[in-house]
Structures are given as structure tokens and as C-alpha cells.
Amino acid sequence: MSEIDTSKLPQGGKGFLHDFAADQTTFKGVPWGKAMMWIFLLSDTFIFSCFLISLMTARASTTAEWPYPSEVFGLTMFGVEVPLLLIAIMTFVLITSSGTMALAVKYGYERNRKMCGYLILATAVGGLTFVGMQAFEWSKLIFHDGVRPWGNPFGAEQFGAFFFMITGFHGTHVSIGVIFLFIFARKTLRGDFDTGRRGYFTSMKSDYKAIEILGLYWHFVDLVWVFIFAFFYLW
Amino acid sequence: MEQNNKKSASTTTHSIGIYLWIWGLLFVFSTFSYLVDWYNLQGFLRWSLIIFFMLLKAGLIMAIFMHLYWERWAIVNVLLWPMTAIMVFVSIMVAESEYTFFTRVLFFVMGG
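A. Structural detail: the overall build of chain B. Scanning chain B from N- to C-terminus turns up five helices and zero strands. Helices and strands in chain B line up, N terminus first, as α-α-α-α-α. With 112 residues in all, chain B has 16% of them scored as buried.

B. Region of the structure containing the overall build of chain A. Of the regular secondary structure elements, chain A holds eight helices and two strands. Each helix and strand of chain A, placed in order from N terminus to C terminus, yields the pattern α-α-α-β-β-α-α-α-α-α. Reported as C-alpha extents along the three principal axes, the dimensions of chain A are approximately 60 × 40 × 30 Å. Within chain A, the proportion of its 235 residues that are buried is 34%. Long-range contacts, defined as pairs at least 24 residues apart, comprise 68% of the intrachain contacts of chain A with a sequence gap of at least 6.

C. Representation of unusual backbone geometry. Positive phi is not limited to glycine here, since Ser203 of chain A has a value of about 55°. Within the secondary structure, Ser203 of chain A sits in the loop between α7 (192-195) and α8 (209-234). The exposure class assigned to Ser203 of chain A is exposed, which follows from the 7 C-beta atoms found within 10 Å. With a phi close to 55°, Asn40 of chain B is a non-glycine residue in the positive phi region. Relative to the helices and strands, Asn40 of chain B is located in the loop between α2 (16-38) and α3 (43-65).

D. Just the interface of chain A and chain B, in detail. Counting residues at the interface gives 47 residues for chain A and 48 residues for chain B. Top element by residues in the side of chain A that touches chain B is helix α4 (residues 85-109) of chain A. It accounts for ten residues. Split by residue class, the side of chain A that touches chain B holds 25 nonpolar, 17 polar and five charged.

E. Focus on the packing of helix α2 (residues 32-61) of chain A against helix α6 (residues 158-190) of chain A. Residue and element names in this part refer to chain A. One way to put it is that α2 packs onto α6 with a least axis distance of 11 Å and a crossing angle of 165°. When the axes of α2 and α6 are compared, the pair comes out roughly antiparallel. Regarding α2 and α6, the two cross each other, and that crossing is left-handed. Counted together, Phe51, Leu55 and Ala58 of α2 and Gln158, Phe162, Met165, Ile166 and Phe169 of α6 form the full contact between these two elements. Among the residues making up the contact of α2 with α6, the classes are represented as seven nonpolar, one polar and no charged.

F. Spotlight on the environment of Lys187 of chain A. Residues and elements named next belong to chain A. Assignment of secondary structure puts Lys187 in helix α6. Since 19 C-beta atoms lie within 10 Å of it, Lys187 is described here as partly exposed. Here the alpha-carbon distance between Lys187 and Ala35, two residues 152 residues apart in the chain, equals 22 Å.

Definitions and limits used
- Residues numbered from 1 in each chain as written.
- Chains lettered and ligands numbered in written order.
- Predicted model: local features only at pLDDT ≥ 70, side-chain atom pairs only at ≥ 80, totals over all residues.
- Helix = DSSP H or I, 4+ residues; strand = E, 2+ residues; numbered from the N terminus.
- Buried ≥ 20, exposed ≤ 12 C-beta atoms within 10 Å, placed from the backbone.
- Contact = placed C-beta atoms within 7 Å.
- Nonpolar A, V, L, I, M, F, W, Y, C, P; charged D, E, K, R; others polar.
- Axes fitted to C-alpha atoms, helices over the stretch in contact; angles between N-to-C directions.
- Parallel < 35°, antiparallel > 145°, perpendicular 65-115°, else oblique.
- Left-handed = near helix turned anticlockwise from the far one by under 90°.

This is how it looks when you write it as C-alpha cells:
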């Protein structure tokens, strides 16, 4: 499949009309895998939006006092009560892993096999750290504070259901991402994208474009966390 | 002209500097939004700052890390316009939840 040189096509608004009026492909110069990943992410955006909008609706319509996240998720370090400490560290860990992923994509396009592979590996380790800290957070809330989906000692009963649903769904996304990051770190370091080795499941040759698609997913996980951090933990 | 410059940038890879800059900015903005909670700001100041830093971070991640700034308008428009549907949904549910709250206060608290 030959690459489309998009620099010869009209740009901006004219390019928009040109691409949509064209026969054959609409998304000129976008590999099909990348277009499909974007459309998947768009549908995922709607799912997370529905969760956060339901959170807003529950919080705004309940007459009971909503638990104050700053205190619920506070940790006592050296005798000092620090609000949201673990959540803040988790946020920084996820941003760090997003940064290493962005660099992995860059080195992938430069066909720098080793840098790309090790940066994906670093991203995977960051993601694993995040999931581990989330497991700690969940177990503290379940076993220490006694938070349940149907009730909790802090206030409005809906709090637990929303906490487990929203952070659980995001944590699932992170976990799936970590699995794929490890798989692609191995594939990259083995040189699959340089030798044209066929994939185990797909039996198709792949190239460094796959890293950009994987990167889109990982940045999206970080993106969702930005909104959860704002609406669930800070609000 | 500017469009052409943008295009030629995407055919080659971007310099490492832009990623490190965005990375640093994301750290700074996250710290700022954490400080909103640290200093226990409340009311209008609290939620306007939270939303401001949230949108700033989301914009940087999408534009630079997810390369949306360098994509053609066809895909950018397909991805961003559906977000307006979410905003419409939010405004519908704000009205709905205020009504629910009103009826709850009316019947639970005031006894109908």
C-alpha cells in the first residue's frame, strides 16, 4: 500500500472539504489502524462521559452530604494529615509514563529500536506502579474504612458505587494497556518492526506505526485520569 | 503558508524538546490543580481553577502527545465535534438533577 503524500493536498478547511468529497479513503495519510483506534477512543470517551455525568447527577441531586474526597483519600505521613497524597503521586506517575510513551513514539518513527523498546518498557513499569497504588487505595478503602457500593461511613451512600465503578473502569483500561505495553516492548526489542516478522495473533507484518497507535491508547488513559482527578477527587 | 509549515513538520519527526516541554508543563499544571486542594480553596475559585487546569492538561495531551495538532482537519473535526453532544448531555442532566434535588427537598425535608 503506497503512502499518500498529504503535503500535496489542500490543507486546513479546504483540505477538510477535499478529503470528505474524495472517493476511496476519507482520512488521507492516516493508517487504517490509527483511524480505528481514534474511533474506538471516541466511543470510550462517551462511556467515561456517561460515568462522570452520572456522578454529577447523583452528587447534585442527593440531599445527603457528599463525602469530602480530600479527607477520604488523605494519608497521615509522619503524623501530618496530607490531603490526596496517594492520588497526587498516582497522577504524577501516570503523567511520567505518558511522557516516556510520547518519546517511545518519537524514537519509533526514527526507527531507533532500542530507545523505543526501553521507553515502552519504562511506560509499562509506570503503568504497573499506578495499578499497584490503586490496589493499595482500594484495599485501604474497603478493609480499613469499610466503604461498600451500597454505603460508607463518610456520607452519601452512592459514593462507593461511583468510586468503584469509575476508578475500576479506568484501572481496567490501565491494566489492559500495561499488558499490551509489555507485549509491544518485547516485539520492538526483538526487532519485529525491522525484520517484518509476522504477529502471533494477526499473522500480519507490522511496523513502527503500531507504536503510535499503542501510544494513542496510553495517552487516552492518561487523558481520562485528568478528568477523573478533576471531577472525582478535586471537586 | 502556515499550514504548509505545519505539514512539513509532520513528515519528519519532532524534536525531543517539544515533548520534554509538554511533559514539564503537565507536571506544573498537575501541581497547580493539587495546590487548589492543598490550600483548600472553595466555591467559584475552586471549580473554575480545577476546570481551567483540567482543560489545559487535556488540550496539551491531545494536541501534542496524541499528535492531533499535526493531523489533517478531516480527522480532527470528526473527533472533536461529537464532544459538543457531551456538553449538551451535561446541560440536560444539570437541569434534571436540580429538579430531582428540588423534589427531594420538597418531599423528604419539608414533607410535601
